[in-house]
Amino acid sequence: MKHLKYICLPLLFIAFSSCNEDKILEETPLDFATVENSYVTQGNFEAAIAQLYNQARRYFGDPTGSAFEMDVWFGTDAGWQAREYASHVYSQYGGFGPDNGDVAQRWTDAYKIVSNANTVISRIADADIDSEATKTRLLAESRFFRAWAYRTLVYLYGDVPLVLKEVSSAKRDYVRAPKTDVLAAMIDDFEFAKTNLPSVGDEAANGRLTKDAARHFLAETYISVGENQKAIDNASEIIDSGKYALMQNRFGSRANEQGDVYWDLFRLGNQNRNSGNTEGIWIHQIEYETLGGYGASSGEANFWERLIGPEYNRFTAKDENLGVRTFIYESTYHGGRGQGFFRPSTHVTHGIWKNVDPADYDNDIRNSENNVLRKWWIDNPLSAHYGKIIDLRTNSKLAYETYLNAATIENDSNRLIYPVFLKLTQINNHFATDLTDGSLTAAQEPLATQEHKDLIASYGGVGPKMNANARRHFVDQYAVRLPETLLLRAEAYMKLGGATNLDLAAADINTIRSRANASLITGSDVTIDFILDERLRELFLEEPRRITLNRLGLLYDRTKRFNHYSSSSVAPHNNLYPIPSIEIQNNTEAELTQNTGYPN
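Residues numbered from 1 in each chain as written. Predicted model: local features only at pLDDT ≥ 70, side-chain atom pairs only at ≥ 80, totals over all residues. Heavy atoms only, no water.

Section: the overall build of the chain
(1) Moving on: A tally of helices and strands in the chain yields 21 helices and ten strands.
(2) Moving on: In terms of overall dimensions, the chain has C-alpha extents of about 80 × 65 × 50 Å along its principal axes.
(3) Moving on: Across the 600 residues of the chain, 60% fall into the buried class.
(4) Moving on: For the chain, the share of sequence-separated contacts (at least 6 apart) that also reach a separation of at least 24 residues comes to 74%.
(5) Moving on: Accessible surface, the chain as shown: approximately 23,300 Å² in total, 50% of it carbon and sulfur.
(6) Moving on: Taking the 61 positively charged and 78 negatively charged side chains of the chain as two groups, their mean positions are separated by 2 Å. (Helix = DSSP H or I, 4+ residues; strand = E, 2+ residues; numbered from the N terminus. Buried < 20%, exposed > 50% of the residue type's maximum accessible area, 1.4 Å probe, protein only. Contact = heavy atoms within 4.5 Å. Areas by Shrake-Rupley, 256 points an atom, 1.4 Å probe, with all protein chains shown as cover. Lys, Arg positive; Asp, Glu negative; His and termini not counted. Charge placed at Lys NZ, Arg CZ, Asp CG, Glu CD.)

Considerations on helix α17 (residues 499-515)
(1) Moving on: Over its 17 residues, α17 extends 24 Å from the first C-alpha to the last, a length consistent with the 24 Å expected when each residue adds 1.5 Å.
(2) Moving on: At I509, α17 is deflected by roughly 25°, the largest bend along its length.
(3) Moving on: Against α9 (261-264), α12 (360-363), β10 (477-481), α16 (482-496) and α18 (528-539) lie the buried residues of α17.
(4) Moving on: Downstream of α17 by a residue or two, N517 has a phi angle that is positive, lying close to 65°. (Expected span 1.5 Å × (residues − 1). Bend = angle between axes of the 7 residues up to and from the residue.)

Some thoughts on the packing of helix α8 (residues 228-239) against α16
(1) Moving on: Between α8 and α16, the shortest axis-to-axis distance is 9 Å and the interhelical angle comes to 150°. Considering their axes alone, α8 and α16 lie roughly antiparallel with respect to each other. Seen along the crossing, α8 lies across α16 with a hand that is left-handed. Together, N228, Q229, A231, I232, A235, S236, I238 and I239 of α8 and L482, T485, L486, R489, A492, Y493, K495 and L496 of α16 make up the contact between the two elements.
(2) Moving on: Taken together, the residues of the contact of α8 with α16 break down into ten nonpolar, four polar and two charged. (Axes fitted to C-alpha atoms, helices over the stretch in contact; angles between N-to-C directions. Parallel < 35°, antiparallel > 145°, perpendicular 65-115°, else oblique. Left-handed = near helix turned anticlockwise from the far one by under 90°. Nonpolar A, V, L, I, M, F, W, Y, C, P; charged D, E, K, R; others polar.)

Details of the environment of Q271
(1) Moving on: Residue placement: Q271 occurs in the loop between α9 and β2 (280-284).
(2) Moving on: C-alpha of Q271 to C-alpha of I283: the two residues are twelve residues apart in sequence and 7.1 Å apart in space.
(3) Moving on: Leave out the neighbours within four places in its chain, and Q271 touches L265, F266, N277, I283, V475, D476 and Y478.

Digging into the nonpolar core
(1) Moving on: One finds F144, F145, W148, Y150, L153, Y157 and W282 to be the most contacted residues of the largest nonpolar core, which totals 116 residues.
(2) Moving on: Of the residues forming this core, the biggest block, 14 residues, is contributed by helix α5 (residues 132-157).
(3) Moving on: In this structure, F145 is in contact with L52, Y53, A56, I113, L209 and W282, ignoring residues within four places of it in sequence. (Core = buried A, V, L, I, M, F, W, Y, C linked by side-chain atoms within 4.5 Å.)

Structural notes on the confidence of the model for the chain
(1) Moving on: The pLDDT averaged across the chain works out to 91; a share of 92% of its residues lies at or above 70.
(2) Moving on: Within the model, the stretch residues 1-28 combines pLDDT values under 50 with 51 contacts to residues more than four positions away or in other chains. (pLDDT = per-residue confidence, 0-100.)

Concerning the environment of V261
(1) Moving on: Relative to the elements of secondary structure, V261 occurs in helix α9.
(2) Moving on: V261 sits 16 residues away from N277 along the chain, and the two C-alpha atoms are 11 Å apart.
(3) Moving on: Beyond its immediate chain neighbours, meaning those up to four positions away, V261 contacts M247, Q248, N249, R250, F251, I365 and R515.

Given below as structure tokens:
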């Protein structure tokens, strides 16, 4: 058994019973794992690094089925909690404070990564490892993950305790280091990683960190410290290397189906370089029943479909037949078994596609019917509306007024029926373990069209109905994709200022927009608002939105303008999370101060 030690905040408290403590401390355990005998061999350290990868992929994709990971989208310009749209804490920021569970868990999980990385960093010098090159690579990975964890901490919380050495006993005197010190430490770690990680290609297996992942986060961090030219230089080392390019043509596992190149980017098996994909820079490996992935053998999964999809199976339309639900069941062709936790804001579903050129709503492939499900086919033969389309694309207001009951329209349009961005669904590509026979009942059969019967028959008795184990999503996840690097470079150019740099920023943005068949822009169009909107168009449900907005100090501004449930309660101090109250309480030997605007 491998035992990986977690020393983090909250603090560990050590108690000894009455015995010979000196003798206990001198004994060398042989029959169980300790820190001392678990960090000796190369295998020990490879296992510790594997655990860091596992913690990273879980950090924004918790496999427990909870909605914890959605805190980076709830209560932002991107959307809101769909089940409690008016009352949830991210809709009523006045109740958001240091006792919030998300606040504590983000802190604890990040410091677990820091702690595990510090243990490797502190002990690897004396390890029995086959070569200095291997030792340096393991050290570089550890330092990358430490910096990556501090990235979340510093942007979410501001000044935070800076722990750069292994903590081997209870510690209760943490103090907050200035944000500038934390950012400097991140730069130091990312620079080491850039120098010592392998290059992209054959030197790095799928999902393994490379120099370019470090370069990407260096670009972001240099922007945060105002060194925009260094940010540009690091981003350019990726963009201009010739090793990456935006995908322009159909590719991968489902290229022969209806879709487009943007749709292909998010289909099963299409994320890693061995699929032909040249824009993934760092990919979290979670694919079903693959080495290191999730699935039946591990009992784990990402539950994105559950969280982002509406609960359409519970929907009853206006003037519906008595006792009938409008949709026949949860189906793979409607994107799986959503349960209505996250509803995209109207800024995401409509505003960003019309605020540059109204024609982009129809022309931009990222908003196409392939990539956003807006037309809901009523598939229950017993429904009064059977065969009709709830068309949220052409005129969503009219569609809602036509098919939703006035008394429940707010609830139904937030939780039961809304546009779904399909990058986090396995639409028509679910595993047999998530499907069951979708045959029509005796009552439905005589009322169904032949086309409907043929569709059901095409699944061969395995689908299209989702079973009780569904809601899971087993597609590898982009941690970093080339368009984000382009947008970081555009941001740095914009911050340098001047007409030439604004034109260069526009050129980077147009590289992305051109692939999407969107209208092109000029340097005079480039603002931080434009870049943030472009991030939503390209990276929605990929970037942890709250991290981006907090990094820029714009969560308050953007949420107030574009989230109508949060707008009346969000305040400037919400640009940072509070320090978790449990951390302040446990830190008894020094003061761990609270962020302004929050109670201690």
